[in-house]
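So the chains spell out like this:
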Amino acid sequence: MIVSKSSYKFIIDKLLKTSRNGVHKSEYEFTAFPPDRRLCVVFVLREYLERTKPLRQQQTQLLISFVKPYKAVSKDTLSRWIKLVLSRADIDISRFSAHSTRSASTSAVKARGVPIEVIMSKGGWSKSSTFAKYYNKPIQKQDSFASGLLSTFIKAN
């Protein structure tokens, strides 16, 4: 992990699910979002690392368990945590899984006009057909009352 004032960069040396011969996305960079620190991954990561510092000892993996012995979490634990967050956000977890966040996030940025080349690069895809077939999903309309309420809250704070 490479830390700067306004970003965190992660270098992945292991092969990922999306890796194949000659193609391995090994670097992920997350940059600050100054307009709202509640939505800023750099602020959240800094806070998380500070709070978990006493528990880490020799742990180098980013996400660790919050119960003893404070080891690196498994993919099953991470999936359970994501489902808990989805459930608390009133998202139907019988219909949507932790992996659904991948298609939801990439479909949402495509709907907002982010170029397909950028989406493919960030998602680790080499063919637009993979994104189109498996990840480009229709975006559900949000409840206008809930959306308006949240927008009002964000503007007020």
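Structure's up top.
What counts as what
Each residue is numbered by its place in its chain's sequence as written, counting from 1. pLDDT decides what is reported in this predicted model: residues at 70 or higher carry local features, side-chain atom pairs at 80 or more are listed and counted, and totals for whole chains, interfaces and linings draw on all residues regardless. The side-chain figures draw on all heavy atoms in the structure; neither hydrogens nor water molecules are used. Two strands pair if DSSP finds at least two bridges between them. Helix numbering and strand numbering both begin at the N terminus, where a helix is a DSSP run of H or I of at least 4 residues and a strand a DSSP run of E of at least 2. The contact criterion used is simple: two residues touch if any of their non-hydrogen atoms lie within 4.5 Å. The angle between two axes is taken between their N-to-C directions and runs from 0 to 180 degrees, where each axis is a line fitted to C-alpha atoms and a helix contributes only its stretch in contact. A simple rule labels every residue: compare its accessible area, found with a 1.4 Å probe on the protein chains alone, to the largest value its type can have, and call it buried under 20%, exposed over 50%, or partly exposed in between. The arc in question is traced by the directions running from the helix axis to the C-beta atoms. Take the buried residues of types Ala, Val, Leu, Ile, Met, Phe, Trp, Tyr and Cys, join any two whose side-chain atoms come within 4.5 Å, and each joined set is a nonpolar core. Only Phe, Tyr and Trp rings take part, Trp by its six-membered ring, and two of them pair if their centres are within 6.5 Å. Stacked means planes under 30 degrees apart, edge-to-face means over 60, and tilted covers everything else. By definition, being over a ring means that NZ of Lys or CZ of Arg is both within 6 Å of the ring centre and within 35 degrees of the ring normal. Each angle receives one of four descriptions, namely roughly parallel if under 35 degrees, roughly antiparallel if over 145, roughly perpendicular if within 65 to 115, and oblique otherwise. Handedness of a helix crossing follows the sense of rotation of the near helix relative to the far helix, less than a right angle counterclockwise being left-handed and clockwise being right-handed.

A word on the sheet that holds strand β2 (residues 7-11)
On the basis of which strands lie adjacent, the open sheet formed by three strands has the order β1-β2-β3 and antiparallel pairing. Whereas interior strands pair on both sides, the edge strands pair on one side only; in this sheet they are β1 (2-3) and β3 (27-31). Where β2 lies against β3, five bridges are found, and the strand directions are antiparallel. By the bridge assignment for β3, I11 is matched with E27. Taken strand by strand, helix α1 (residues 41-56) contacts β2 and β3, and its axis lies near 75 degrees from that of β2.

Some remarks on unusual backbone geometry
Look at the link from K68 to P69: it is a cis peptide, with omega at 15 degrees. Following the sequence through the fold, P69 ends up in the loop between α1 and α2 (75-88). The backbone of Q57 sits at a positive phi, close to 50 degrees, despite the residue not being glycine. Residue classification places Q57 among the exposed positions, given a relative accessible area of 71%.

Quick look at helix α4 (residues 116-123)
Listing the buried residues of α4 in full gives I119, M120 and G123. With its buried residues spanning 100 degrees around the axis, α4 presents them on a single face. Away from its buried face, by an angle of more than 90 degrees, α4 presents the exposed residues E117 and K122. Contact partners of the buried residues in α4: α3 (100-111) and α5 (128-135). Directly beyond the C-terminal end of α4, a positive phi value near 80 degrees is found at G124.

Focus on the nonpolar core
Judged by nonpolar contacts, Y8, F10, C40, V42, L45 and L49 together constitute the single largest core of six residues. Of all the elements in the fold, those that place two or more residues in this core are β2 and α1. When residues of this core are assigned to their parent elements, the largest contribution, three residues, is made by α1. Ignoring sequence-local partners within four residues, the contact set of Y8 consists of M1, I2, V3, Y28, E29, F30, V42, L45, R46 and L49. If you look at the next biggest cluster of nonpolar residues, it comprises five residues, including I119, M120, W125 and Y135.

A look at the packing of aromatic side chains
Following the criterion strictly, the structure yields two aromatic pairs and no others. A ring pair is formed by F10 and F30, whose centres lie 6.0 Å apart and whose planes are at 70 degrees; its orientation type is edge-to-face. Of this pair, F10 sits in strand β2 while F30 is found in strand β3, placing the two residues 20 residues apart along the sequence. Overall, the relative accessible area of 35% leaves F30 in the partly exposed class. Measuring from centroid to centroid gives 5.6 Å for F66 and W81, while their planes differ by 25 degrees, and the two rings are stacked. Taken as a pair, F66 in the loop between α1 and α2 and W81 in helix α2 lie far apart in primary sequence, 15 residues in all. Note on F66: relative accessible area 62%, which makes it exposed. Over the face of the ring belonging to Y135 we find R102, whose NZ or CZ atom lies 5.0 Å from the ring centre.

Some remarks on the packing of α3 against α5
Two elements in contact, α3 and α5, have axes whose closest approach is 10 Å; the angle formed by their N-to-C orientations is 115 degrees. What the angle tells us is that α3 and α5 run roughly perpendicular. In terms of crossing hand, the pair formed by α3 and α5 is left-handed. Here R102, S103, T106, S107 and K110 of α3 lie close against α5, whose contacting residues are F131, Y134 and Y135.

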